[in-house]
Amino acid sequence: MVSKTNPGNFFEDFRIGQEMRHATPRTITTGDVVLYTGLYGSRFAVSSSDEFARQIGFDGAPVDDLLAFHMVFGKTVPDVSLNAVANLGYAGGVFGAPVYPGDTVSTVSTVTGLKENSNGKTGVVYVNSVGRNQRGEMVLDYNRWVMVRKRDENAPAPETVLPELPKVVAPEAFQIPKGLDLSAYDYELAGSPHRWDDYAVGEKIDHIDGMTIEEAEHQIATRLYQNTAKVHFDQVAATAGRFGKRLIYGGHIISLARALSFNGLGNGVRIAAINAGAHANPAFAGNTIFAWSEVLEKFEIPGRRDMGALRLRLVAVRDQRAIDFPLRNTDGKYDPKVLLDFDYTILIPK
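Residues numbered from 1 in each chain as written. Predicted model: local features only at pLDDT ≥ 70, side-chain atom pairs only at ≥ 80, totals over all residues. Heavy atoms only, no water.

A few points about the packing of aromatic side chains
Part 1 of the argument: According to the stated counting rule, one finds 15 aromatic pairs in the structure shown.
Part 2 of the argument: Seen in terms of ring centroids, Phe69 and Tyr90 are 5.9 Å apart; in terms of plane orientation they differ by 70 degrees. Their pairing is edge-to-face. Remark: Tyr90 occurs in strand E3 (residues 84-95) and Phe69 occurs in helix H3 (residues 65-80); sequence separation between them is 21 residues. Like Phe69, the residue Tyr90 is buried in the burial classification.
Part 3 of the argument: Pairwise contacts between aromatic rings join Phe69, Phe73, Tyr90, Tyr142, Tyr225, Tyr249, Phe342 and Tyr344 into one cluster.
Part 4 of the argument: A cation over an aromatic ring shows up here: Arg328 above the ring of Tyr334, its NZ or CZ 4.0 Å from the ring centre. (Phe/Tyr/Trp six-rings, centres within 6.5 Å; stacked < 30°, edge-to-face > 60°. Helix = DSSP H or I, 4+ residues; strand = E, 2+ residues; numbered from the N terminus. Buried < 20%, exposed > 50% of the residue type's maximum accessible area, 1.4 Å probe, protein only. Lys NZ or Arg CZ within 6 Å of the ring centre and 35° of its normal.)

Here's the deal with the packing of helix H1 (residues 30-40) against helix H5 (residues 215-224)
Part 1 of the argument: At a minimum axis separation of 10 Å, H1 and H5 run at an interaxial angle of 150 degrees. Considering their axes alone, H1 and H5 lie roughly antiparallel with respect to each other. Regarding H1 and H5, the two cross each other, and that crossing is left-handed. Residues Asp32, Leu35, Leu39 and Tyr40 of H1 form the contact with H5, whose participating residues are Glu217, Ile220, Ala221 and Leu224. (Axes fitted to C-alpha atoms, helices over the stretch in contact; angles between N-to-C directions. Parallel < 35°, antiparallel > 145°, perpendicular 65-115°, else oblique. Left-handed = near helix turned anticlockwise from the far one by under 90°. Contact = heavy atoms within 4.5 Å.)

Focus on the pairing of strand E4 (residues 104-116)
Part 1 of the argument: Strand direction decides the pairing type here: strand E1 (residues 19-21) and E4, joined by 3 bridges, are antiparallel. The partner of Met20 across the bridge, within E4, is Ser109.
Part 2 of the argument: The pairing of strand E2 (residues 26-27) with E4 spans 2 bridges and is classified as antiparallel. Following the sheet pairing, Arg26 is matched in E4 by Val105.
Part 3 of the argument: Examined bridge by bridge, E4 and strand E5 (residues 122-132) share 10 bridges and lie antiparallel to one another. Pairing of Glu116 across the sheet is with Gly123, part of E5.
Part 4 of the argument: From the end of E4 to the start of E5, which pair antiparallel, there are 5 residues, and Gly120 there has a positive phi angle of about 70 degrees. (Pairing = 2+ DSSP bridges.)

A closer look at the pairing of strand E6 (residues 138-149)
Part 1 of the argument: In this structure, E3 lies alongside E6, joined through 8 bridges in antiparallel fashion. Each residue of the ladder has a partner; that of Ala84, found in E6, is Val148.
Part 2 of the argument: Linking two consecutive strands that pair antiparallel, namely E5 and E6, is a turn of 5 residues; a positive phi of about 85 degrees is found at Gly136 within it.

Remarks on H1
Part 1 of the argument: Within the span of H1, buried status applies to Asp32, Tyr36, Leu39 and Tyr40. Along the long axis of H1, the arc covered by the buried residues comes to 75 degrees, so they all point the same way. Summarising the geometry of H1, the exposed residues directed more than 90 degrees from the buried face are Thr30, Val34 and Gly38.
Part 2 of the argument: Buried residues along H1 sit against E2, H3, strand E8 (211-212), H5 and helix H8 (250-260).
Part 3 of the argument: Near the N-terminus of H1, the side chain that reaches the backbone nitrogen of Gly31, with its oxygen 3.2 Å away, is that of Thr29.
Part 4 of the argument: Gly41 lies just past H1 and shows a positive phi near 70 degrees. (Arc of directions from axis to C-beta. Polar contact = N/O pair within 3.5 Å; in protein donor to acceptor, adjacent residues only side chain to side chain.)

Structural notes on H3
Part 1 of the argument: For H3, spanning 16 residues, the distance from its first C-alpha to its last is 22 Å, which sits close to the expected 22 Å at 1.5 Å a residue.
Part 2 of the argument: Counting buried residues along H3, 15 of its 16 residues qualify, which places the element largely inside the surrounding structure.
Part 3 of the argument: Where H3 begins, the side chain of Asp64 points an oxygen toward the backbone nitrogen of Leu66, at a separation of 2.8 Å. (Expected span 1.5 Å × (residues − 1).)

Quick word on the environment of His194
Part 1 of the argument: Mapped onto the secondary structure, His194 falls in the loop between helix H4 (187-190) and strand E7 (204-206).
Part 2 of the argument: Here His194 falls in the partly exposed class, since its relative accessible area comes to 36%.

Here's the deal with unusual backbone geometry
Part 1 of the argument: Residue Ala23 is joined to Thr24 through a cis peptide bond whose omega torsion reads 0 degrees.
Part 2 of the argument: When you line up the elements, Thr24 lands in the loop between E1 and E2.
Part 3 of the argument: Positive phi outside glycine occurs at Phe325, with the angle close to 55 degrees.
Part 4 of the argument: Position of Phe325 relative to the elements: it lies in the loop between strand E11 (307-318) and strand E12 (338-349).

A short note on the side chain of Asn117
Part 1 of the argument: With respect to the element layout, Asn117 can be found in the loop between E4 and E5.
Part 2 of the argument: By relative accessible area, Asn117 is classed as buried at 18%.

These figures come from the coordinates and say nothing about function on their own.
Here is the structure:
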């Protein structure tokens with residue numbers, strides 16, 4: 001009898017050019033938005049207030065950009081990373097049409113690279129994933145690579161193909177929402193007085209606040225995004241693994257760090273791009289997360305006087321404050337306390 005269950009794809013199941021139309025389309029509701037706020041406490045005004053958002057040209061409060069990211073990402077897990085050892089990185093991510101409550105997102109991924117690891121037990125799979133709304137408009141186009149187990153260690157290695165990925169998304173590639181105008185931006189209601197001109201390249205910001213991860217919270221978050229990766233929710237499987245306990249979904253750390261970054265970067269109206277990212281070390285329930293940011297570049301937006309862009313490094317640290325801006329040790333390896341090194345670009349009023 002043919003099995004009716006889905007074991008997920010293993011490394012040898014992937015082929016260059018393979019296209020995966022992922023189940024299940026997801027209609028995002030105001031309930032999702034409320035739950036996301038309860039999980040992370042994000043205070044960015046544009047995704048908190050319909051009236052604030054309308055005043056700067058949105059149709060209403062768009063859902064948090066990272067909530068849209070997680071919903072698009074979550075669709076890919078059963079096909080791409082159900083048998084993953086680790087999610088390794090991101091590149092070339094561009095946010096498109098804003099997502100509003102009531103929009104339905106779906107995702108299609110294409111395999112762009114394959115490389116078997118020297119141990120012969122795992123390999124790295126590169127995919128480009130595109131999320132679209134019900135009108136076919138792109139809401140997110142990004143690349144990621146993930147280490148996936150082999151089903152059969154004796155299966156022959158595929159030809160190595162490594163995609164060319166941009167190190168930084170150029171300002172010309174940003175998708176500025178139609179009608180967005182920050183000339184009437186209300187800094188008092190936004191909760192921060194700082195504009196594009198107030199930030200300097202090389203500046204580092206300790207976001208001060210910390211947030212402890214509770215077991216229930218990361219479980220709810222993982223399920224909210226319909227992320228089925230066993231390492232996040234299956235303790236029976238985790239007991240037999242390297243750490244003996246469930247790992248926190250890396251995207252949970254991204255959202256926590258982004259929410260903490262409000263204290264210092266409160267006028268980050270929108271995430272325009274994901275340039276790169278690395279989950280440096282695993283996180284577990286009980287860890288307390290702190291964050292710091294570094295301004296890597298400042299971009300003018302062609303034809304715009306009301307906004308500019310900041311390319312930022314966002315670093316999440318566990319169980320210690322970020323006042324000393326920990327990142328790498330003298331040997332060049334990530335400090336064991338560093339969980340996330342995330343390179344992204346935000347739009348911010350001038």
